[in-house]
Amino acid sequence: MAKRLKSIFSLFRSNWFVWLFPLFAIGISAWLFVEYLDERGPMIKISFDDGASIQPDKTYIRFRGVPIGVVKKIEISDDRKSVIAYARLKKAAAVFAVEGSRFWLVAPKVTLQGVSGLETLTEGTYIAVQPGDSGNRIKKYFKGKEDSDTKDPLEDTVSYFLESPNVDSLNDGDSVTFRGLRVGSITKVSLNKTGQLAIVQINVPYKYVRLIRTNTVFWKKVAVQARLGIFKSELKINSFESILHGGVELFTPETPGEIAKAQSKFPLLAAPPKDWEKWNPKLTSD
């Protein structure tokens, strides 16, 4: 026995460097495992009506485009009426596991109002989140939606209200445009308390809030515009969307006012103001 132990010790001493590689690998693995445990946040459950586009370790939870978690497992609910996605949040994203947080699937969507979710063609379907109040109680189970709720103010958007005697063809989902670019959408059309005015709620993403000034002018998008004269006539036809649906256009005079506060009210004109196409204000966020 003593000779065998002596032989093993002699072999180890003469080839000690060979043992460095497995020891080094074990050390690295242990360090990575500890780091992984340190970065792990809470596990939450999100139920959906359908889980066809959800894949474990591939479907991420994103907030403002940044991954904050990933789906780890999918199961059918006990009542077989929905699927349950088990998602692991990052440690720094634990604040999303509270009451009031909302989760919904983002997938490519083509409508007459436009195309959304194109980024999912390369990155795959993901789950977006609107956080609840960080002071709310901790929650681990959520009811997810197949799409965001466009009738409520959405995450990363600001609401404004337009007043008009008549909304004509304006409806929920119609576009709000600036220089021909969609910068928001109509999210609700209703009457005021006295029934004397129609109220059009629009939602504009934060990145476009600098366009909405205290003196910004809003008017109904016109599908066909005609200017008739003795020597010169003009006929302008807008987009196919504006022919089938309504919409709102906006612009700001040459000397812009301050950035308008959320939920500010503006009159909605039936036609664009005179010479608005000559306006060219600088609209910075400063």
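The structure we're discussing is the one just above.
In this report, we go over the structure that sits alongside the text.

What counts as what
- Residues numbered from 1 in each chain as written.
- Predicted model: local features only at pLDDT ≥ 70, side-chain atom pairs only at ≥ 80, totals over all residues.
- Heavy atoms only, no water.
- Helix = DSSP H or I, 4+ residues; strand = E, 2+ residues; numbered from the N terminus.
- Buried < 20%, exposed > 50% of the residue type's maximum accessible area, 1.4 Å probe, protein only.
- Contact = heavy atoms within 4.5 Å.
- Areas by Shrake-Rupley, 256 points an atom, 1.4 Å probe, with all protein chains shown as cover.
- Phe/Tyr/Trp six-rings, centres within 6.5 Å; stacked < 30°, edge-to-face > 60°.
- Lys NZ or Arg CZ within 6 Å of the ring centre and 35° of its normal.
- Salt bridge = Lys/Arg side-chain N within 4 Å of Asp/Glu carboxyl O.
- Pairing = 2+ DSSP bridges.
- Axes fitted to C-alpha atoms, helices over the stretch in contact; angles between N-to-C directions.
- Polar contact = N/O pair within 3.5 Å; in protein donor to acceptor, adjacent residues only side chain to side chain.
- Core = buried A, V, L, I, M, F, W, Y, C linked by side-chain atoms within 4.5 Å.

**Thoughts on the overall build of the protein**
Secondary structure assignment for the protein yields 4 helices and 18 strands. When each of the 286 residues of the protein is scored for burial, the buried share is 36%. Considering only contacts in the protein between residues 6 or more positions apart, those separated by 24 or more positions represent 69%. If you sum the accessible surface of the protein, you get close to 18,500 Å²; carbon and sulfur atoms cover 58% of it.

**Here we look at unusual backbone geometry**
Backbone geometry places R80, a non-glycine residue, at a positive phi of 60 degrees. With respect to the element layout, R80 can be found in the loop between β3 (66–76) and β4 (83–90). Even without being glycine, R179 reaches a positive phi, approximately 55 degrees. Note that R179 resides in the loop between β11 (175–178) and β12 (181–191).

**Description of the packing of aromatic side chains**
The tally for this structure, following the rule as stated, stands at 8 aromatic pairs. When the centroid spacing of 4.9 Å and the interplanar angle of 55 degrees are considered together, the rings of W219 and W276 count as tilted. In this pair, W219 is assigned in strand β14 (residues 217–220) and W276 in the segment after β18 (265–269), connecting sequence segments 57 residues apart. The exposure class assigned to W219 is buried, which follows from its relative accessible area of 1%. Three or more aromatic residues link up through ring pairs in this structure, and these residues are F178, W219, F251, W276 and W279. For the cation-ring pair, R62 lies above Y126, with the distance from its terminal atom to the ring centre recorded as 5.6 Å.

**Focus on the pattern of salt bridges**
Think of it this way: side chains of opposite charge can pair up when their charged atoms draw near. Counted according to the given criterion, the structure contains 4 salt bridges. K143 is the salt-bridge partner of D49, the closest N and O atoms lying 3.1 Å from each other. Taken together, the residues span a long stretch of sequence, with D49 in the loop between β1 (40–48) and β2 (60–63) and K143 in strand β9 (residues 141–143) at a distance of 94 residues. With a closest N to O distance of 2.7 Å, D57 and K72 form a salt bridge. Placement of the pair is D57 in the loop between β1 and β2 and K72 in strand β3, with a sequence separation of 15 residues. By relative accessible area, D57 is classed as partly exposed at 44%. By relative accessible area, which is 36% here, K72 ends up partly exposed.

**Observations concerning the sheet that holds β3**
Strand order in this open sheet of 7 strands is β5-β8-β2-β3-β4-β1-β9, and the pairing throughout is mixed. The open sheet has two edge strands, β5 (102–106) and β9, and neither has a second partner. With strand direction ignored, the average angle separating the axes of adjacent strands in the sheet is 35 degrees. Pairing analysis gives 7 bridges linking β1 to β4, with the strands arranged antiparallel. When the bridges of β4 are listed, F48 appears paired with V83.

**Some remarks on the sheet that holds β18**
Spatially, 7 strands are ordered β10-β13-β12-β11-β17-β14-β18 in a closed barrel, and the strand pairing comes out mixed. Ignoring strand direction, the axes of neighbouring strands in this sheet form an average angle of 35 degrees.

**Let's talk about the pairing of β18**
When strand β10 (residues 157–164) meets β18, the two strands line up parallel, connected through 3 bridges. Paired with L162 across the two strands is F266, which belongs to β18. Pairing of β14 with β18, which is carried by 2 bridges, proceeds in the parallel orientation. Looking at the pairing, F218 lines up with L268 of β18.

**What about the side chain of S164?**
You can see S164 is positioned in strand β10. A polar atom in the side chain of S164 sits 3.5 Å from the side chain of K220.

**Quick word on the nonpolar core**
Burial of nonpolar side chains together is a common tendency in soluble globular proteins. Counting residues in hydrophobic clusters, the biggest one holds 29 residues, and the most contacted among them are Y160, L162, V200, I202, I212, F218 and V248. Residue assignment for this core shows that the elements contributing at least two residues are β10, β11, β12, β13 (198–205), β14, β17 (247–251) and β18. Of all the elements, β13 adds the most residues to this core, at 4 residues. Beyond its immediate chain neighbours, meaning those up to four positions away, Y160 contacts V200, Q201, I202, V204, V209, I212, A260, K261, A262, Q263, S264 and F266. In this structure, F48, L89, A93 and I127 belong to the second largest nonpolar core, which totals 20 residues.

**A short note on the pairing of β10**
Across the 8 residues of β10, 6 count as buried, placing the element largely inside the fold. Of the strand pairs in this sheet, β10 and β13 are connected by 8 bridges, and their pairing is antiparallel. The residue bridging S159 from the neighbouring strand is N203, located in β13.

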